[in-house]
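The chain contents come next:
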Amino acid sequence: MIIKHLKEHFFKELTKEEHLEKIKEGALPYNRLMSYYKCAIMEVETKFKVLNEQFSLKYDENPIETIKSRLKSPDSIMKKMKKKGIPMNTDAIEEHITDIAGIRIICSFEEDIYKMAKLLLQQDDVTLIEQKDYIASPKESGYRSLHLIVEVPIFLEDEKRPMKVEVQFRTIAMDFWASLEHKLRYKKDINPELMEQLAKDLTECAEQSADLDHRMEAIRKRIKKKK
C-alpha cells in the first residue's frame, strides 16, 4: 500500500492510461531511485570487501567479521517524510533523507572500527557528509556505534551519479546488544514501570558490553607485543 501511495503521488498529474504505461515501462521515479541506492550499497560493500581481503593477505588478519546491508522500507521512508514535512517526490527524498541505503560493518575490535572508517574516507571517490561517534559519546540508552554518511559515485549507462549511503560500524558486542535492545524495547505490551526498569538494565548491559570490548582489545595488544 505504501508503494501504491508513493506511485499515486509521483504520477498524480498523469492519466490512468499514462500511469499504467509508466508502470509497464518500469520507469517509476521511486523504483528507479531505489535501484540507484542498491547500486550505491554494492559500491560501498565492494570497497570494504577489498579492504578486508587486503588485510588478510598483508597482515594475516580480517578486521571485518560481517557486512550487512539494507534498503530503507517504503513504510519507513513515508514515516520520515511525514515527520520532516518533506514533499512527496523523489528529489526531496534524495535530498533530505540520508539513510535510505545502509551498510553495517561488524568489526572484531573497536580499534578496527576507526581503522576501517579512516581507510574508507581516504579513498578519493568517497565524500564524508556527516559523522556521529556514538562510541566516544554513547547514547543515553547505552547504544554505541560509529555512523558515517558518505557520498559515492555510481556509474550508470550514460552518467555518473553521486549517492548517499549510511555506514554504521560496530563491534560484535555492540551489534549483539543493539539487536537485542531493539527487540526488547519495542515490545508493545510492556507497562511503563517495567519499561523503566528494562531501560536501566539495558544501559547496564551496554556498559558491560563496552567493558568486554575494552578487555578483549587489551588482550589483543598484549598478544601483539609478544610477536
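Fair warning: this is a prediction, and the values are worked out from it, not measured in the lab.

*Asks:* So what exactly am I meant to see when it comes to helix α6 (residues 110-122) here?
*Replies:* It helps to recall that an α-helix has 3.6 residues per turn; residues three or four apart then point in one direction. Between its first and last C-alpha atoms α6 spans 19 Å; for 13 residues at 1.5 Å apiece the expected length is 18 Å, and the two agree. For α6, the full list of buried residues reads E110, D112, I113, M116, A117 and L120. For α6, the angular spread of buried residues about the axis comes to 150 degrees, placing them on one side. Exposed residues on α6 whose side chains face more than 90 degrees from its buried face are K118 and Q122.

*Asks:* Hey, could you run me through the side chain of R144 in this one?
*Replies:* Relative to the helices and strands, R144 resides in the loop between β3 (127-133) and β4 (146-155). Side-chain polar atoms of R144 contact the side chain of E110, separated by 3.0 Å. Residues contacting R144, with those up to four places away along its chain left out, are E110, Y134, I135, P138, R170, M174, S209, A210, D213 and H214.

*Asks:* Just checking my understanding: could you explain the packing of helix α3 (residues 29-59) against α6 for this structure?
*Replies:* Helices that pack against each other are described as a pair by the angle of their axes relative to one another and the distance between those axes. The contact between α3 and α6 brings their axes to 11 Å, and the two run at 120 degrees. In terms of axis orientation, α3 runs oblique to α6. Here the hand of the crossing between α3 and α6 comes out right-handed. In this structure, α3 uses K47, F48, L51 and F55 to contact α6, whose residues at the interface are K115, M116, L119 and L120.

*Asks:* Looking at this model, I keep getting lost on the nonpolar core. Mind explaining?
*Replies:* One recurring pattern in soluble globular proteins: nonpolar side chains tend to sit buried together. Membership of the largest hydrophobic core comes to 40 residues, with the highest contact counts inside it found for F48, V165, V167 and F169. With 11 residues, α3 is the largest single contributor of residues to this core. In this view, V167 contacts V44, F48, I103, I105, L120, L146, H147, L148 and V150; residues no more than four positions away in its chain are not counted. Of all hydrophobic cores here, the second largest spans six residues; its members include Y134, Y143, W177 and L202.

*Asks:* Where do I start with unusual backbone geometry in this structure?
*Replies:* The general pattern is negative phi for most residues beyond glycine and trans for most peptide bonds. A positive phi angle, near 60 degrees, is found at D60, a position not held by glycine. Take D60: it is sitting in the loop between α3 and β1 (64-71).

*Asks:* Help me understand the pattern of salt bridges, please; the structure alone is not making it clear to me.
*Replies:* When the charged atoms of two side chains lie near each other, side chains of opposite charge can form a pair. All chains considered together, the criterion is met by 17 salt bridges. Across the pair K68 and D175 runs a salt bridge whose closest N-O atoms are separated by 3.0 Å. In this pair, K68 sits in strand β1 while D175 sits in helix α7 (residues 172-185), placing the two residues 107 residues apart along the sequence. For K68, a relative accessible area of 35% gives the class partly exposed. Between R220 and D112 there is a salt bridge, with the nearest N and O atoms lying 3.3 Å from each other. Taken together, the residues R220 in helix α8 (residues 192-226) and D112 in helix α6 connect sequence positions 108 residues apart. Residues R220 and D112 agree in their burial class; the two are buried. What emerges from the salt-bridge pattern is a single network uniting E111, D112, K115, E217 and R220.

*Asks:* Sorry, what's going on with the pairing of strand β2 (residues 101-107) here?
*Replies:* Moving residue by residue along a regular strand, the side chains alternate between the two faces of the sheet. Within β2, six of the seven residues are buried, which leaves it mostly tucked inside the rest of the structure. Pairing between β1 and β2: seven bridges, direction antiparallel. Pairing of S69 across the sheet is with I103, part of β2.

*Asks:* Sorry, what's going on with the packing of aromatic side chains here?
*Replies:* To describe a pair of aromatic rings, you give the distance between the ring centres and the angle between the ring planes. In total, this model carries three aromatic pairs according to the counting rule given. With 6.0 Å between their ring centres and 65 degrees between their planes, Y134 and Y143 make a pair best called edge-to-face. Neither residue differs from the other here; Y134 and Y143 are each classed as buried. Seen from the ring of Y143, K139 lies directly overhead, with NZ or CZ sitting 5.1 Å from the centre.

What counts and how
- Residues numbered from 1 in each chain as written.
- Predicted model: local features only at pLDDT ≥ 70, side-chain atom pairs only at ≥ 80, totals over all residues.
- Heavy atoms only, no water.
- Helix = DSSP H or I, 4+ residues; strand = E, 2+ residues; numbered from the N terminus.
- Expected span 1.5 Å × (residues − 1).
- Buried < 20%, exposed > 50% of the residue type's maximum accessible area, 1.4 Å probe, protein only.
- Arc of directions from axis to C-beta.
- Polar contact = N/O pair within 3.5 Å; in protein donor to acceptor, adjacent residues only side chain to side chain.
- Contact = heavy atoms within 4.5 Å.
- Axes fitted to C-alpha atoms, helices over the stretch in contact; angles between N-to-C directions.
- Parallel < 35°, antiparallel > 145°, perpendicular 65-115°, else oblique.
- Left-handed = near helix turned anticlockwise from the far one by under 90°.
- Core = buried A, V, L, I, M, F, W, Y, C linked by side-chain atoms within 4.5 Å.
- Salt bridge = Lys/Arg side-chain N within 4 Å of Asp/Glu carboxyl O.
- Pairing = 2+ DSSP bridges.
- Phe/Tyr/Trp six-rings, centres within 6.5 Å; stacked < 30°, edge-to-face > 60°.
- Lys NZ or Arg CZ within 6 Å of the ring centre and 35° of its normal.

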